[in-house]
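# Overview (structure and organization)
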There are 2 protein chains.
Amino acid sequence: MRYELYYWPSIQGRGEFVRLALEEAAADYVDVVSQSGARGGVPALLRFLEGRAIEHQPFAPPFLKAGRLVIGQTANILFYLGGRHGLAPETETGRLWTHQLQLTIADLVQEVHDTHHPISTNLYYEDQRLEARRRAHDFVRTRAPKYLGYFDKMLARGKKGASYIAGPQLTYADLSLFQMIEGLRYAFPRAMTRIERKCSRVVELHDRIAARPRIAAYLASNRRPPFNEEGIFRHYKELDV
Amino acid sequence: MRYELYYWPSIQGRGEFVRLALEEAAADYVDVVSQSGARGGVPALLRFLEGRAIEHQPFAPPFLKAGRLVIGQTANILFYLGGRHGLAPETETGRLWTHQLQLTIADLVQEVHDTHHPISTNLYYEDQRLEARRRAHDFVRTRAPKYLGYFDKMLARGKKGASYIAGPQLTYADLSLFQMIEGLRYAFPRAMTRIERKCSRVVELHDRIAARPRIAAYLASNRRPPFNEEGIFRHYKELDV
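First, a word on what this report is: a plain description of the structure on this page. Within any chain, residue numbers begin from 1 and follow the written order of that chain's sequence. Chains carry letters and ligands carry numbers; both start at the beginning, A for chains and 1 for ligands, and go up in the order they are written. pLDDT decides what is reported in this predicted model: residues at 70 or higher carry local features, side-chain atom pairs at 80 or more are listed and counted, and totals for whole chains, interfaces and linings draw on all residues regardless. To get the side-chain values, take all heavy atoms of the structure and skip hydrogens and water.

## What about the sheet that holds strand S3 (residues 63-66) of chain B?
All names here are of chain B.
- At least two bridges found by DSSP between two strands are what make those strands a pair. For helices the rule is a DSSP run of H or I covering at least 4 residues; for strands it is a run of E covering at least 2, with both sets numbered from the N terminus onward. Across the sheet, 4 strands lie side by side as S2-S1-S3-S4; this open sheet has mixed pairing. Unpaired on one side and paired on the other, strand S2 (29-31) and strand S4 (69-72) mark the two borders of the sheet. Averaged over all pairs of adjacent strands, the angle between their axes in this sheet comes to 20 degrees, without regard to strand direction.
- The pairing of strand S1 (residues 3-6) with S2 spans 3 bridges and is parallel. Along S2, the bridge assignment pairs tyrosine 3 with tyrosine 29. For every element, the axis is a line fit to its C-alpha atoms; helices are fit only across the contacting stretch, and the angle between N-to-C directions ranges from 0 to 180 degrees.

Written as structure tokens, this is what we have:
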């Protein structure tokens, strides 16, 4: 079975958390919208969002088609993939803990998004710049350090050199944490030099994930969309304080 | 085994979504912080958040202690409880779909929260009123109708009179959708008279849930905290446009 991933073209966004899991798992998948060239795949995506001929209509991308199953919500997709591809613990306790961490990462993703869209997703960034500045200031000063400090503390509990965020084994949550650091560095390079000093274990985990052969190969490929100012992680100099 | 629910005292907040599931399941549970009187239970909650003597430290309340297991993140707790108390389908497909809907409800909960805290959770509402007005306006005009319209459409797929949000069977997602309508009516009574006209199936589901004997008994009890301006759903007249 070949998975079909549906996400907006040309951006990493939330789809990237799923892509990283598929790549690390060496899963057989096609990125339907991106790989169908130009924006040609968008109509296929919209057909799902409009619920035509589909029972479990997703509210928003990304969603994954796995045979007849259509799964939406990033953390839900990862929960599904994790269990099938050795990217989650075998035990129920371990799976709940991994999922809990992923949902906390998802909360952080939403807060990153809202640094540039604090008022409305229906407005351009330029129409909410003043509010964005205020929100981003709070984000880099308090929220990002709080979340990353928490993840750092969780990593401190493992045995030195062999620990992953959910325990002794690599999970999808590690891949997502890698992406979080990648994204935050792109969006807030100045603030991150300061923040990273207080979450060295998360940074070290990021480096270990980046060096994994399949992840390294993926990052070097043209399957990885570049960061830009249309995704979740956007670099606006005035927000990087 | 008696479950222990940990959440901030005196507010419904995110804890309420868990309480409703525990009540409908007639589960044996204690609301540790609320029931220990005054704010006396808060230190017990903080011990968990500070990670003392606990392996799987939650980032934030609510969290549920189930024997030795400590589970955080509202949707994750409901996923766990749903499987144990007949509040989720038996099949994997059904469980993923229910969870997907719950995560979409969770996204909406966050958007409700941000109508009164668009800039920072570290500031009082009064310090972000202007921004709140702008965000709330967008919320009641576009976001709430979009989400509730989606849920209404999902309900339209079931057989008339017997359908729940995830299919033919009651799930925790129905209880959460009930709470969403309750909360939105409290926060935005004026806007909701307008919005509800376009999601009559969600309103009808709300009424059916409210009439369930265990839910009705719970709502009439003093275990149900009243809505107030410290929770997720807050009524500020100037935001109800």
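## Quick notes on helix H1 (residues 15-24) of chain B
Residues and elements named next belong to chain B.
- With respect to burial, H1 is a largely interior element, 10 of its 10 residues being buried.
- Three exposure classes are used, based on accessible area relative to the maximum for each residue type with a 1.4 Å probe and protein chains only: buried under 20%, partly exposed in between, and exposed over 50%. For H1, the complete set of buried residues consists of Gly15, Glu16, Phe17, Val18, Arg19, Leu20, Ala21, Leu22, Glu23 and Glu24.
- Residue alanine 26 follows H1 closely and has a positive phi angle near 50 degrees.

## Considering helix H4 (residues 74-84) of chain A
All names here are of chain A.
- Most of H4 is tucked away: 9 of the 11 residues are buried.
- The set of residues buried in H4 consists of Thr74, Ala75, Asn76, Ile77, Leu78, Phe79, Tyr80, Leu81 and Gly82.
- Glycine 86 lies just past H4 and shows a positive phi near 65 degrees.

## Side note on the sheet that holds strand S3 (residues 63-66) of chain A
Residues and elements named next belong to chain A.
- Judged by pairing direction, the sheet is mixed, and its 4 strands sit side by side in the order S2-S1-S3-S4 without closing on themselves. Since the sheet does not close on itself, it has two edges, and those belong to strand S2 (29-31) and strand S4 (69-72), each with one partner. Strand-to-strand twist of the sheet, defined as the mean angle between neighbouring strand axes without regard to direction, takes the value 20 degrees.
- Relative to S4, S3 is paired through 4 bridges, and the arrangement is antiparallel. When the bridges of S4 are listed, phenylalanine 63 appears paired with glycine 72.
- Contact definition: two residues touch when any of their heavy atoms are within 4.5 Å. Contacting strand S1 (3-6), S2 and S3, helix H1 (residues 15-24) runs over the sheet at an angle of about 160 degrees to S1.

## Considerations on unusual backbone geometry
Residues and elements named next belong to chain A.
- Omega for the bond connecting proline 61 with proline 62 falls within 30 degrees of zero, at 0 degrees, which places this linkage in the cis form.
- Residue placement: proline 62 occurs in the loop between helix H3 (42-49) and S3.
- A positive phi is found at alanine 26, a non-glycine position, where the angle reads about 50 degrees.

## Let's talk about the pairing of S3 of chain A
All names here are of chain A.
- Here S1 pairs with S3 via 3 bridges, running antiparallel. From the neighbouring strand, leucine 5 faces S3, where its bridge partner is leucine 64.
- From the end of S3 to the start of S4, which pair antiparallel, there are 2 residues, and glycine 67 there has a positive phi angle of about 65 degrees.

## Details of the interface of chain A and chain B
- Taken together, the contact between chain A and chain B spans 50 residues of the former and 50 residues of the latter.
- Here the quantity called buried area is the accessible surface, traced with a 1.4 Å probe, that two parts lose on coming together, added over both. Buried area between chain A and chain B, summed over both chains or domains, comes out near 4,300 Å², and the portion from carbon and sulfur atoms is 51%.
- Think of a salt bridge as a Lys or Arg side-chain nitrogen and an Asp or Glu carboxyl oxygen that are within 4 Å of each other. Taken together, the links from chain A to chain B amount to 6 salt bridges.
- The partner of aspartate 114 of chain B in a salt bridge is arginine 135 of chain A, and the shortest N-O contact between them spans 3.5 Å.
- For this analysis, a polar contact is any N or O atom pair within 3.5 Å, provided that within protein one partner can donate a hydrogen and the other can accept it, and provided that sequence-adjacent residues contribute only side-chain to side-chain pairs. Put simply, chain A and chain B have 39 residue pairs in polar contact (both at pLDDT 80 or more) between them.
- Residues belonging to the side of chain A that touches chain B are distributed by class as follows: 18 nonpolar, 17 polar and 15 charged. Residues are sorted three ways: Asp, Glu, Lys and Arg are charged, Ala, Val, Leu, Ile, Met, Phe, Trp, Tyr, Cys and Pro are nonpolar, and all the rest, Gly among them, are polar.

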